[in-house]
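Survey of secondary and tertiary structure
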Amino acid sequence: MNYNQNKKIAQITSQTLIVGVDIAKFKHVARAQDFRGMEFGSPCYFENTKEGFEHFLNWIMEIKKEQCMENVIVGMEPTGHYWFNLAHMLKENEIKFVAVNPLHVKKSKELDDNSPTKNDVKDAKVIAQLVKDGRYAEPTIPQGVYAELRVAKKIRDLLTEDLQTVQGQVHNWIDRYFPEFLTVFKKWEGKAALQFLKVYALPHEIVNFTEHELLAHLRKTVTRSVGLSKIRKLKQAASRSIGLRQGSEMAKLELKTLLAKYELIHLKFEELDTKIDCLLDEIPGVPQMLAIKGVGRDTVAGFFAEVGDLKEYTHPRQIIKLAGLSLKENTSGKHKGKTTITKRGRKKLRALLFRGCISLISHICTRTRSLYENCRKSFRESEGRFCIQSFFLCTVELVFKEGIKKCALANGIC
(Lines give C-alpha, C1' and ligand atoms only; values in the text may rest on other atoms or scores of the structure.)
Protein backbone atom coordinates (compact mmCIF):
# COMPACT_ATOMS: atom_id res chain seq x y z
CA MET A 1 0.00 0.00 0.00
CA ASN A 2 1.52 3.31 -1.11
CA TYR A 3 0.59 6.33 0.99
CA ASN A 4 3.37 8.62 -0.24
CA GLN A 5 1.95 11.31 -2.54
CA ASN A 6 4.91 11.25 -4.93
CA LYS A 7 4.75 7.48 -5.27
CA LYS A 8 1.03 7.65 -5.96
CA ILE A 9 1.56 10.17 -8.76
CA ALA A 10 4.49 8.12 -10.12
CA GLN A 11 2.16 5.14 -10.57
CA ILE A 12 0.19 7.19 -13.13
CA THR A 13 2.23 7.15 -16.34
CA SER A 14 1.55 7.89 -20.02
CA GLN A 15 0.74 4.19 -20.43
CA THR A 16 -1.90 4.19 -17.68
CA LEU A 17 -5.60 4.22 -18.50
CA ILE A 18 -7.48 6.03 -15.73
CA VAL A 19 -11.11 5.04 -15.21
CA GLY A 20 -13.40 6.94 -12.86
CA VAL A 21 -16.57 5.18 -11.71
CA ASP A 22 -19.54 6.81 -10.00
CA ILE A 23 -21.13 4.12 -7.83
CA ALA A 24 -24.89 3.73 -7.44
CA LYS A 25 -27.22 1.01 -6.20
CA PHE A 26 -28.45 -0.21 -9.59
CA LYS A 27 -26.49 1.49 -12.40
CA HIS A 28 -22.91 2.79 -12.40
CA VAL A 29 -21.26 5.30 -14.73
CA ALA A 30 -17.61 5.13 -15.87
CA ARG A 31 -15.40 7.53 -17.83
CA ALA A 32 -11.86 6.92 -19.10
CA GLN A 33 -8.93 9.32 -19.64
CA ASP A 34 -5.14 9.47 -19.75
CA PHE A 35 -2.64 11.07 -17.37
CA ARG A 36 -3.17 14.51 -18.98
CA GLY A 37 -6.95 14.42 -18.55
CA MET A 38 -7.84 13.71 -22.20
CA GLU A 39 -11.03 11.67 -22.31
CA PHE A 40 -11.44 8.50 -24.39
CA GLY A 41 -14.73 7.30 -25.78
CA SER A 42 -18.17 7.99 -24.39
CA PRO A 43 -19.30 7.32 -20.80
CA CYS A 44 -20.03 3.69 -20.00
CA TYR A 45 -23.29 2.89 -18.23
CA PHE A 46 -23.38 -0.57 -16.68
CA GLU A 47 -25.69 -2.26 -14.19
CA ASN A 48 -24.76 -3.87 -10.90
CA THR A 49 -25.08 -7.37 -12.39
CA LYS A 50 -22.76 -9.99 -13.86
CA GLU A 51 -23.69 -8.91 -17.39
CA GLY A 52 -23.08 -5.29 -16.46
CA PHE A 53 -19.64 -6.06 -15.05
CA GLU A 54 -18.73 -8.01 -18.19
CA HIS A 55 -19.82 -5.04 -20.32
CA PHE A 56 -17.66 -2.76 -18.17
CA LEU A 57 -14.60 -5.02 -18.54
CA ASN A 58 -15.07 -5.24 -22.33
CA TRP A 59 -15.35 -1.44 -22.50
CA ILE A 60 -12.07 -1.06 -20.60
CA MET A 61 -10.26 -3.61 -22.79
CA GLU A 62 -11.45 -1.96 -26.00
CA ILE A 63 -10.20 1.48 -24.95
CA LYS A 64 -6.97 -0.01 -23.63
CA LYS A 65 -6.36 -1.70 -26.99
CA GLU A 66 -7.33 1.39 -29.05
CA GLN A 67 -5.06 3.71 -27.06
CA CYS A 68 -2.22 1.16 -26.72
CA MET A 69 -2.25 1.41 -22.92
CA GLU A 70 -0.38 -1.05 -20.73
CA ASN A 71 -1.93 -0.48 -17.28
CA VAL A 72 -5.40 0.27 -15.93
CA ILE A 73 -6.33 1.94 -12.67
CA VAL A 74 -9.98 2.23 -11.64
CA GLY A 75 -10.99 4.90 -9.14
CA MET A 76 -14.31 4.89 -7.36
CA GLU A 77 -16.14 6.72 -4.62
CA PRO A 78 -16.87 4.29 -1.75
CA THR A 79 -20.64 4.83 -1.64
CA GLY A 80 -22.03 2.81 1.26
CA HIS A 81 -21.68 -0.90 0.56
CA TYR A 82 -22.58 -0.71 -3.13
CA TRP A 83 -18.94 -0.65 -4.27
CA PHE A 84 -17.95 -3.98 -2.64
CA ASN A 85 -19.12 -6.21 -5.49
CA LEU A 86 -17.34 -4.16 -8.14
CA ALA A 87 -14.15 -4.00 -6.06
CA HIS A 88 -14.08 -7.79 -5.59
CA MET A 89 -14.71 -8.31 -9.31
CA LEU A 90 -11.79 -6.01 -10.20
CA LYS A 91 -9.54 -7.80 -7.71
CA GLU A 92 -10.43 -11.18 -9.21
CA ASN A 93 -9.54 -9.84 -12.67
CA GLU A 94 -6.26 -8.36 -11.34
CA ILE A 95 -7.23 -4.78 -12.18
CA LYS A 96 -5.89 -2.15 -9.79
CA PHE A 97 -8.61 -0.15 -8.05
CA VAL A 98 -8.42 2.76 -5.63
CA ALA A 99 -10.88 4.74 -3.52
CA VAL A 100 -11.42 8.50 -3.66
CA ASN A 101 -12.63 10.47 -0.64
CA PRO A 102 -16.27 11.61 -1.21
CA LEU A 103 -15.40 14.91 0.49
CA HIS A 104 -12.73 15.56 -2.14
CA VAL A 105 -15.22 14.83 -4.92
CA LYS A 106 -17.70 17.31 -3.46
CA LYS A 107 -15.13 20.08 -3.01
CA SER A 108 -13.46 19.71 -6.42
CA LYS A 109 -16.49 19.29 -8.71
CA GLU A 110 -16.42 22.98 -9.76
CA LEU A 111 -12.76 23.10 -10.83
CA ASP A 112 -13.38 22.21 -14.50
CA ASP A 113 -16.63 24.01 -15.37
CA ASN A 114 -17.08 26.47 -12.47
CA SER A 115 -20.60 25.10 -12.01
CA PRO A 116 -22.23 23.56 -8.92
CA THR A 117 -24.03 21.06 -11.16
CA LYS A 118 -23.91 17.51 -9.86
CA ASN A 119 -24.72 14.37 -11.81
CA ASP A 120 -23.33 10.86 -12.21
CA VAL A 121 -21.44 11.54 -15.45
CA LYS A 122 -19.73 14.62 -14.02
CA ASP A 123 -18.82 12.81 -10.78
CA ALA A 124 -17.14 10.01 -12.75
CA LYS A 125 -14.95 12.61 -14.49
CA VAL A 126 -14.09 14.32 -11.17
CA ILE A 127 -13.09 10.96 -9.68
CA ALA A 128 -10.81 10.20 -12.64
CA GLN A 129 -9.15 13.63 -12.26
CA LEU A 130 -8.51 13.04 -8.56
CA VAL A 131 -6.91 9.69 -9.35
CA LYS A 132 -4.72 11.41 -11.96
CA ASP A 133 -3.45 13.82 -9.27
CA GLY A 134 -2.67 10.98 -6.87
CA ARG A 135 -5.47 11.95 -4.46
CA TYR A 136 -6.64 8.46 -3.67
CA ALA A 137 -6.22 5.64 -1.18
CA GLU A 138 -5.68 1.97 -1.82
CA PRO A 139 -8.30 0.09 0.21
CA THR A 140 -7.47 -3.22 1.85
CA ILE A 141 -10.02 -5.87 0.93
CA PRO A 142 -9.91 -8.61 3.60
CA GLN A 143 -9.38 -12.11 2.27
CA GLY A 144 -9.78 -15.56 3.76
CA VAL A 145 -9.87 -15.71 7.55
CA TYR A 146 -9.79 -11.91 7.84
CA ALA A 147 -12.95 -11.60 5.74
CA GLU A 148 -14.60 -14.23 7.94
CA LEU A 149 -13.59 -12.32 11.07
CA ARG A 150 -15.00 -9.04 9.74
CA VAL A 151 -18.39 -10.63 9.04
CA ALA A 152 -18.32 -12.40 12.42
CA LYS A 153 -17.69 -9.13 14.26
CA LYS A 154 -20.49 -7.49 12.28
CA ILE A 155 -22.86 -10.25 13.41
CA ARG A 156 -21.63 -9.79 16.98
CA ASP A 157 -22.38 -6.07 16.85
CA LEU A 158 -25.89 -6.80 15.57
CA LEU A 159 -26.45 -9.34 18.36
CA THR A 160 -25.20 -6.81 20.92
CA GLU A 161 -27.73 -4.24 19.69
CA ASP A 162 -30.52 -6.84 19.79
CA LEU A 163 -29.51 -7.86 23.31
CA GLN A 164 -29.57 -4.28 24.55
CA THR A 165 -33.02 -3.82 23.00
CA VAL A 166 -34.40 -6.95 24.68
CA GLN A 167 -32.85 -5.99 28.02
CA GLY A 168 -34.57 -2.62 27.84
CA GLN A 169 -37.89 -4.24 26.94
CA VAL A 170 -37.69 -6.64 29.89
CA HIS A 171 -36.93 -3.70 32.21
CA ASN A 172 -39.96 -1.96 30.75
CA TRP A 173 -42.14 -5.02 31.46
CA ILE A 174 -40.92 -5.29 35.06
CA ASP A 175 -41.53 -1.57 35.68
CA ARG A 176 -45.12 -1.92 34.45
CA TYR A 177 -46.21 -5.24 35.95
CA PHE A 178 -43.89 -5.99 38.90
CA PRO A 179 -41.84 -2.90 39.88
CA GLU A 180 -41.03 -4.42 43.31
CA PHE A 181 -39.21 -7.37 41.69
CA LEU A 182 -35.88 -5.51 41.64
CA THR A 183 -36.14 -4.84 45.40
CA VAL A 184 -35.86 -8.61 45.91
CA PHE A 185 -33.17 -9.21 43.27
CA LYS A 186 -30.38 -6.78 42.38
CA LYS A 187 -30.72 -7.62 38.67
CA TRP A 188 -33.18 -9.69 36.71
CA GLU A 189 -30.49 -11.46 34.62
CA GLY A 190 -29.27 -13.66 37.47
CA LYS A 191 -30.12 -17.37 37.35
CA ALA A 192 -32.60 -17.26 40.23
CA ALA A 193 -34.30 -14.06 39.05
CA LEU A 194 -34.66 -15.43 35.51
CA GLN A 195 -36.12 -18.67 36.82
CA PHE A 196 -38.75 -16.81 38.85
CA LEU A 197 -39.63 -14.70 35.80
CA LYS A 198 -40.17 -17.97 33.91
CA VAL A 199 -43.10 -18.70 36.17
CA TYR A 200 -44.80 -16.29 33.74
CA ALA A 201 -47.16 -15.00 36.40
CA LEU A 202 -48.14 -11.53 37.56
CA PRO A 203 -47.67 -10.50 41.24
CA HIS A 204 -51.28 -11.20 42.24
CA GLU A 205 -50.89 -14.71 40.77
CA ILE A 206 -47.49 -15.40 42.41
CA VAL A 207 -49.12 -14.93 45.82
CA ASN A 208 -51.31 -17.99 45.14
CA PHE A 209 -48.27 -20.27 44.64
CA THR A 210 -47.05 -22.17 47.67
CA GLU A 211 -43.45 -21.78 48.83
CA HIS A 212 -42.67 -25.40 47.95
CA GLU A 213 -44.05 -25.01 44.42
CA LEU A 214 -41.84 -21.98 43.83
CA LEU A 215 -38.86 -23.77 45.39
CA ALA A 216 -39.37 -26.81 43.14
CA HIS A 217 -39.47 -24.49 40.10
CA LEU A 218 -36.31 -22.72 41.29
CA ARG A 219 -34.37 -25.96 41.83
CA LYS A 220 -34.62 -26.76 38.12
CA THR A 221 -31.69 -24.40 37.49
CA VAL A 222 -30.48 -23.13 40.90
CA THR A 223 -29.44 -25.82 43.38
CA ARG A 224 -28.10 -23.62 46.19
CA SER A 225 -27.57 -20.05 47.47
CA VAL A 226 -31.23 -19.06 46.95
CA GLY A 227 -33.93 -20.72 49.00
CA LEU A 228 -37.07 -20.22 51.05
CA SER A 229 -36.02 -16.89 52.54
CA LYS A 230 -35.76 -15.32 49.09
CA ILE A 231 -39.07 -16.90 48.07
CA ARG A 232 -40.76 -15.38 51.13
CA LYS A 233 -39.37 -11.95 50.23
CA LEU A 234 -40.65 -12.39 46.68
CA LYS A 235 -44.15 -13.33 47.85
CA GLN A 236 -44.16 -10.42 50.28
CA ALA A 237 -43.16 -8.00 47.51
CA ALA A 238 -45.83 -9.52 45.22
CA SER A 239 -48.53 -9.09 47.89
CA ARG A 240 -47.98 -5.32 48.06
CA SER A 241 -47.21 -4.79 44.35
CA ILE A 242 -48.69 -1.82 42.50
CA GLY A 243 -48.16 -3.48 39.13
CA LEU A 244 -50.78 -3.44 36.39
CA ARG A 245 -53.35 -6.23 36.31
CA GLN A 246 -55.20 -5.42 33.10
CA GLY A 247 -54.22 -7.31 29.95
CA SER A 248 -52.63 -10.06 32.05
CA GLU A 249 -52.79 -12.82 29.41
CA MET A 250 -50.98 -10.79 26.77
CA ALA A 251 -48.56 -9.47 29.41
CA LYS A 252 -47.50 -13.03 30.22
CA LEU A 253 -47.17 -13.80 26.51
CA GLU A 254 -45.03 -10.68 26.09
CA LEU A 255 -42.70 -11.76 28.91
CA LYS A 256 -42.44 -15.28 27.50
CA THR A 257 -41.54 -13.88 24.06
CA LEU A 258 -38.92 -11.50 25.47
CA LEU A 259 -37.22 -14.16 27.59
CA ALA A 260 -37.18 -16.56 24.64
CA LYS A 261 -35.47 -13.87 22.51
CA TYR A 262 -33.03 -13.18 25.37
CA GLU A 263 -32.01 -16.84 25.62
CA LEU A 264 -31.78 -17.23 21.84
CA ILE A 265 -29.43 -14.23 21.58
CA HIS A 266 -27.17 -15.68 24.31
CA LEU A 267 -27.17 -19.02 22.51
CA LYS A 268 -26.12 -17.29 19.28
CA PHE A 269 -23.39 -15.43 21.19
CA GLU A 270 -21.92 -18.71 22.44
CA GLU A 271 -22.06 -20.25 18.96
CA LEU A 272 -20.45 -17.18 17.37
CA ASP A 273 -17.71 -16.87 20.00
CA THR A 274 -16.76 -20.51 19.41
CA LYS A 275 -16.40 -19.87 15.68
CA ILE A 276 -14.40 -16.67 16.29
CA ASP A 277 -12.00 -18.63 18.52
CA CYS A 278 -11.52 -21.17 15.71
CA LEU A 279 -10.80 -18.37 13.24
CA LEU A 280 -8.24 -16.78 15.57
CA ASP A 281 -6.44 -20.12 15.85
CA GLU A 282 -5.75 -19.94 12.10
CA ILE A 283 -3.90 -16.60 12.37
CA PRO A 284 -0.18 -16.91 13.23
CA GLY A 285 1.05 -14.61 15.97
CA VAL A 286 -2.23 -14.48 17.91
CA PRO A 287 -0.89 -16.41 20.96
CA GLN A 288 1.95 -13.90 21.25
CA MET A 289 -0.53 -10.98 21.05
CA LEU A 290 -2.72 -12.57 23.73
CA ALA A 291 0.34 -12.75 25.98
CA ILE A 292 0.24 -8.92 26.28
CA LYS A 293 -1.34 -7.94 29.59
CA GLY A 294 -4.78 -6.44 29.12
CA VAL A 295 -5.29 -7.87 25.61
CA GLY A 296 -8.05 -10.48 25.27
CA ARG A 297 -9.54 -12.51 22.44
CA ASP A 298 -12.29 -9.96 21.80
CA THR A 299 -9.71 -7.20 21.37
CA VAL A 300 -7.57 -9.29 19.01
CA ALA A 301 -10.58 -10.46 16.97
CA GLY A 302 -11.92 -6.91 16.67
CA PHE A 303 -8.48 -5.58 15.71
CA PHE A 304 -8.00 -8.08 12.85
CA ALA A 305 -11.62 -7.64 11.73
CA GLU A 306 -11.05 -3.90 11.27
CA VAL A 307 -7.43 -3.90 10.04
CA GLY A 308 -7.14 -7.17 8.13
CA ASP A 309 -3.78 -8.77 7.41
CA LEU A 310 -0.93 -6.80 9.00
CA LYS A 311 1.35 -7.89 6.15
CA GLU A 312 -0.48 -5.32 4.00
CA TYR A 313 0.99 -2.50 6.10
CA THR A 314 4.58 -1.31 6.20
CA HIS A 315 4.36 0.97 9.26
CA PRO A 316 2.07 1.31 12.32
CA ARG A 317 1.46 4.93 11.24
CA GLN A 318 -0.76 3.58 8.46
CA ILE A 319 -3.03 1.86 11.00
CA ILE A 320 -3.08 5.05 13.10
CA LYS A 321 -4.33 6.93 10.06
CA LEU A 322 -6.82 4.18 9.25
CA ALA A 323 -8.28 4.57 12.75
CA GLY A 324 -8.52 8.36 12.40
CA LEU A 325 -6.00 8.92 15.20
CA SER A 326 -3.73 11.28 13.28
CA LEU A 327 -3.18 14.57 15.12
CA LYS A 328 -4.81 17.71 13.73
CA GLU A 329 -3.03 21.01 14.35
CA ASN A 330 -4.82 24.37 14.39
CA THR A 331 -2.29 27.24 14.35
CA SER A 332 -2.09 30.57 12.55
CA GLY A 333 0.58 33.19 13.23
CA LYS A 334 0.88 33.68 16.99
CA HIS A 335 -2.31 31.76 17.64
CA LYS A 336 -1.81 28.16 18.69
CA GLY A 337 -5.07 26.23 18.82
CA LYS A 338 -5.86 22.93 20.45
CA THR A 339 -4.33 19.80 18.92
CA THR A 340 -6.89 17.03 18.46
CA ILE A 341 -7.28 13.84 16.49
CA THR A 342 -8.86 13.98 13.03
CA LYS A 343 -11.41 11.18 13.66
CA ARG A 344 -11.34 10.50 9.91
CA GLY A 345 -11.16 6.75 9.95
CA ARG A 346 -12.72 3.61 11.38
CA LYS A 347 -14.50 4.60 14.60
CA LYS A 348 -14.82 0.98 15.78
CA LEU A 349 -11.05 0.51 15.43
CA ARG A 350 -10.49 3.79 17.28
CA ALA A 351 -12.77 2.71 20.12
CA LEU A 352 -11.10 -0.70 20.31
CA LEU A 353 -7.62 0.85 20.51
CA PHE A 354 -8.82 3.24 23.22
CA ARG A 355 -10.17 0.36 25.31
CA GLY A 356 -6.98 -1.59 24.69
CA CYS A 357 -4.69 1.22 25.85
CA ILE A 358 -6.87 1.93 28.92
CA SER A 359 -6.58 -1.75 29.80
CA LEU A 360 -2.80 -1.55 29.35
CA ILE A 361 -2.61 1.44 31.69
CA SER A 362 -4.81 -0.17 34.35
CA HIS A 363 -2.77 -3.39 34.43
CA ILE A 364 0.53 -3.58 36.22
CA CYS A 365 2.88 -2.53 33.45
CA THR A 366 5.60 -0.16 34.68
CA ARG A 367 6.83 0.79 31.22
CA THR A 368 3.37 1.65 29.90
CA ARG A 369 2.31 3.53 33.02
CA SER A 370 5.51 5.61 33.11
CA LEU A 371 5.12 6.41 29.38
CA TYR A 372 1.53 7.54 29.95
CA GLU A 373 2.46 9.71 32.95
CA ASN A 374 5.33 11.35 31.03
CA CYS A 375 2.97 12.08 28.10
CA ARG A 376 0.40 13.62 30.45
CA LYS A 377 3.06 15.89 31.96
CA SER A 378 4.48 16.97 28.62
CA PHE A 379 1.24 17.19 26.58
CA ARG A 380 -2.50 17.38 27.04
CA GLU A 381 -4.27 14.27 28.26
CA SER A 382 -5.74 13.55 24.80
CA GLU A 383 -2.25 13.67 23.27
CA GLY A 384 -1.04 11.41 26.07
CA ARG A 385 -3.69 8.85 25.15
CA PHE A 386 -2.68 9.20 21.49
CA CYS A 387 0.92 8.35 22.43
CA ILE A 388 -0.26 5.30 24.35
CA GLN A 389 -2.43 4.17 21.44
CA SER A 390 0.53 4.55 19.07
CA PHE A 391 2.72 2.60 21.48
CA PHE A 392 0.01 -0.06 21.72
CA LEU A 393 -0.14 -0.39 17.93
CA CYS A 394 3.64 -0.63 17.60
CA THR A 395 3.73 -3.28 20.34
CA VAL A 396 0.95 -5.31 18.72
CA GLU A 397 2.65 -5.22 15.30
CA LEU A 398 6.06 -6.19 16.69
CA VAL A 399 4.60 -9.05 18.73
CA PHE A 400 2.54 -10.22 15.72
CA LYS A 401 5.61 -10.27 13.43
CA GLU A 402 7.63 -12.07 16.09
CA GLY A 403 4.85 -14.65 16.37
CA ILE A 404 4.84 -15.20 12.59
CA LYS A 405 8.62 -15.65 12.64
CA LYS A 406 8.38 -18.26 15.40
CA CYS A 407 5.61 -20.13 13.56
CA ALA A 408 7.72 -20.14 10.37
CA LEU A 409 10.74 -21.51 12.26
CA ALA A 410 8.59 -24.15 13.94
CA ASN A 411 7.25 -25.29 10.57
CA GLY A 412 10.71 -25.29 8.99
CA ILE A 413 9.81 -22.57 6.48
CA CYS A 414 12.82 -20.40 7.22
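Residues numbered from 1 in each chain as written. Predicted model: local features only at pLDDT ≥ 70, side-chain atom pairs only at ≥ 80, totals over all residues. Heavy atoms only, no water.

1. Some details on the overall build of the chain
Tallying secondary structure elements over the chain gives 18 helices and 9 strands in all. Each of the 414 residues in the chain was classed as buried or not, and the buried ones make up 43%. Here the analysis covers contacts within the chain between residues at least 6 apart in sequence; of these, 62% occur between residues at least 24 apart. Carbon together with sulfur atoms contributes 53% to the accessible area of the chain, which is approximately 23400 Å² in total. (Helix = DSSP H or I, 4+ residues; strand = E, 2+ residues; numbered from the N terminus. Buried < 20%, exposed > 50% of the residue type's maximum accessible area, 1.4 Å probe, protein only. Contact = heavy atoms within 4.5 Å. Areas by Shrake-Rupley, 256 points an atom, 1.4 Å probe, with all protein chains shown as cover.)

2. Here's the deal with the nonpolar core
Counting 65 residues, the largest nonpolar core has Leu 149, Phe 181, Trp 188, Phe 303 and Phe 304 as the members making the most contacts within it. When residues no more than four places from it in sequence are discounted, the contact partners of Leu 149 are Ile 276, Leu 279, Leu 280, Ile 283, Ala 301, Phe 304 and Ala 305. Within the second largest apolar cluster, 27 residues are counted, among which are Val 19, Leu 57, Ile 63 and Ile 95. (Core = buried A, V, L, I, M, F, W, Y, C linked by side-chain atoms within 4.5 Å.)

3. Considerations on the environment of Val 295
Within the element layout of this structure, Val 295 appears in the loop between α13 (286–290) and α14 (297–307). With 61 residues separating them in the primary sequence, Val 295 and Gly 356 have C-alpha atoms 6.6 Å apart.

4. Structural notes on the packing of helix α2 (residues 50–66) against helix α3 (residues 84–92)
Relative orientation of the contacting elements α2 and α3 amounts to 50°, with a least axis distance of 11 Å. Between α2 and α3, the angle falls in the class oblique. The handedness of the crossing between α2 and α3 is right-handed. The residues of α3 that touch α2, namely those facing Phe 53, Phe 56 and Leu 57, are Asn 85, Leu 86, Met 89 and Leu 90. (Axes fitted to C-alpha atoms, helices over the stretch in contact; angles between N-to-C directions. Parallel < 35°, antiparallel > 145°, perpendicular 65-115°, else oblique. Left-handed = near helix turned anticlockwise from the far one by under 90°.)

5. Things to note about the side chain of Ser 115
Structurally, Ser 115 is set in the loop between α4 (102–108) and α5 (120–132). Contact partners of Ser 115, with chain neighbours within four places excluded, come to Lys 109, Glu 110 and Lys 122.

6. Topic: helix α10 (residues 211–218)
Taken together, the buried positions of α10 are occupied by Leu 214, Leu 215, His 217 and Leu 218. When α10 is viewed along its axis, its buried side chains cluster within an angular range of 160° and face the same direction. Contacts made by the buried residues of α10 are with α8 (191–197), α9 (203–206) and α11 (228–239). (Arc of directions from axis to C-beta.)

7. Describing a positive patch on the surface
Residues Lys 106, Lys 107, Lys 328, Lys 343 and Arg 344 make up a contiguous surface patch of positive charge. Mapping Arg 344 onto the fold places it in the loop between β9 (340–341) and α16 (347–362). (Patch = residues over 30% accessible without salt bridge, like charges linked within 9 Å, V, L, I, M, F, W, Y side chains within 5 Å. Salt bridge = Lys/Arg side-chain N within 4 Å of Asp/Glu carboxyl O. Lys, Arg positive; Asp, Glu negative; His and termini not counted. Charge placed at Lys NZ, Arg CZ, Asp CG, Glu CD.)

8. Let's talk about unusual backbone geometry
A positive phi is found at Cys 68, a non-glycine position, where the angle reads about 55°. With respect to the helices, strands and loops of the structure, Cys 68 is situated in the loop between α2 and β4 (71–76). Classification of Cys 68 by relative accessible area gives exposed; the value is 57%. Although it is not a glycine, Asn 114 sits at a positive phi angle of roughly 55°. Tracing the sequence through the fold places Asn 114 in the loop between α4 and α5.

9. Some details on the pairing of strand β1 (residues 16–22)
Within β1, 7 of the 7 residues are buried, which leaves it mostly tucked inside the rest of the structure. Taking every second residue as pointing to the same face, both faces of β1 are buried, with Thr 16, Ile 18, Gly 20 and Asp 22 on one and Leu 17, Val 19 and Val 21 on the other. Two elements, β1 and β4, share 6 bridges in a ladder whose sense is parallel. Across the sheet, residue Leu 17 finds its bridge partner in β4, namely Val 72. Of the strand pairs in this sheet, β1 and strand β2 (residues 27–33) are connected by 5 bridges, and their pairing is antiparallel. (Pairing = 2+ DSSP bridges.)

10. Focus: the pattern of salt bridges
The tally for this structure, following the rule as stated, stands at 18 salt bridges. In this structure, Arg 156 engages Asp 273 in a salt bridge whose closest nitrogen and oxygen atoms are separated by 3.1 Å. Taken together, the positions of Arg 156 in helix α6 (residues 145–177) and Asp 273 in helix α12 (residues 248–281) put the pair 117 residues apart, joining distant regions of the chain. Under the relative-accessibility criterion, Asp 273 is labelled partly exposed at 24%. In this structure, the salt-bridge partner of Lys 275 is Glu 271, at a minimum N-O distance of 3.7 Å.

11. Some thoughts on the sheet that holds strand β5 (residues 96–99)
Reading across from one edge, β3-β2-β1-β4-β5 is the order of the 5 strands in this open sheet, with mixed pairing throughout. Because the sheet does not close on itself, it has two edges, and the strands there are β3 (39–47) and β5. Taking each pair of neighbouring strands and ignoring which way they run, the sheet shows an average axis angle of 25°. Running at roughly 45° to β2, α5 makes contact with β1, β2, β3, β4 and β5 of the sheet.

12. Focus: the packing of aromatic side chains
Here the distance between the centres and the angle between the planes together describe a pair of aromatic rings. All chains considered together, the criterion is met by 11 aromatic pairs. Ring centres of Tyr 146 and Phe 304 lie 5.9 Å apart, and the angle between their planes is 50°; this geometry places the pair in the tilted category. Of the two residues, Tyr 146 sits in helix α6 while Phe 304 sits in helix α14, which places them 158 residues apart along the sequence. Taking relative accessible area as the criterion, Phe 304 reaches 0% and is therefore assigned buried. The structure contains a cluster of three or more aromatic residues connected by ring pairs, namely Phe 46, Phe 53, Phe 56 and Trp 59. (Phe/Tyr/Trp six-rings, centres within 6.5 Å; stacked < 30°, edge-to-face > 60°.)

13. A word on empty space enclosed by the protein
Gaps left between atoms are located by rolling a probe of water-molecule size over the structure's atoms. Scanning the model with the defined rule gives 3 cavities of 30 Å³ or more in all. Volume-wise, the largest cavity comes out at about 50 Å³. Along its surface, the largest cavity is lined by Trp 173, Phe 178, Phe 181, Phe 196, Leu 197, Tyr 200, Ala 201, Ile 206 and Leu 255. A class-by-class count of the residues in the lining of the largest cavity yields 9 nonpolar, no polar and no charged. (1 Å grid on protein atoms, 1.4 Å probe; cavity = no way out; pocket = protein on both sides within 12 Å on 5 of 7 lines; lining within 4 Å. Points joined across faces, edges and corners; volume = space filled by probe spheres on them. Nonpolar A, V, L, I, M, F, W, Y, C, P; charged D, E, K, R; others polar.)

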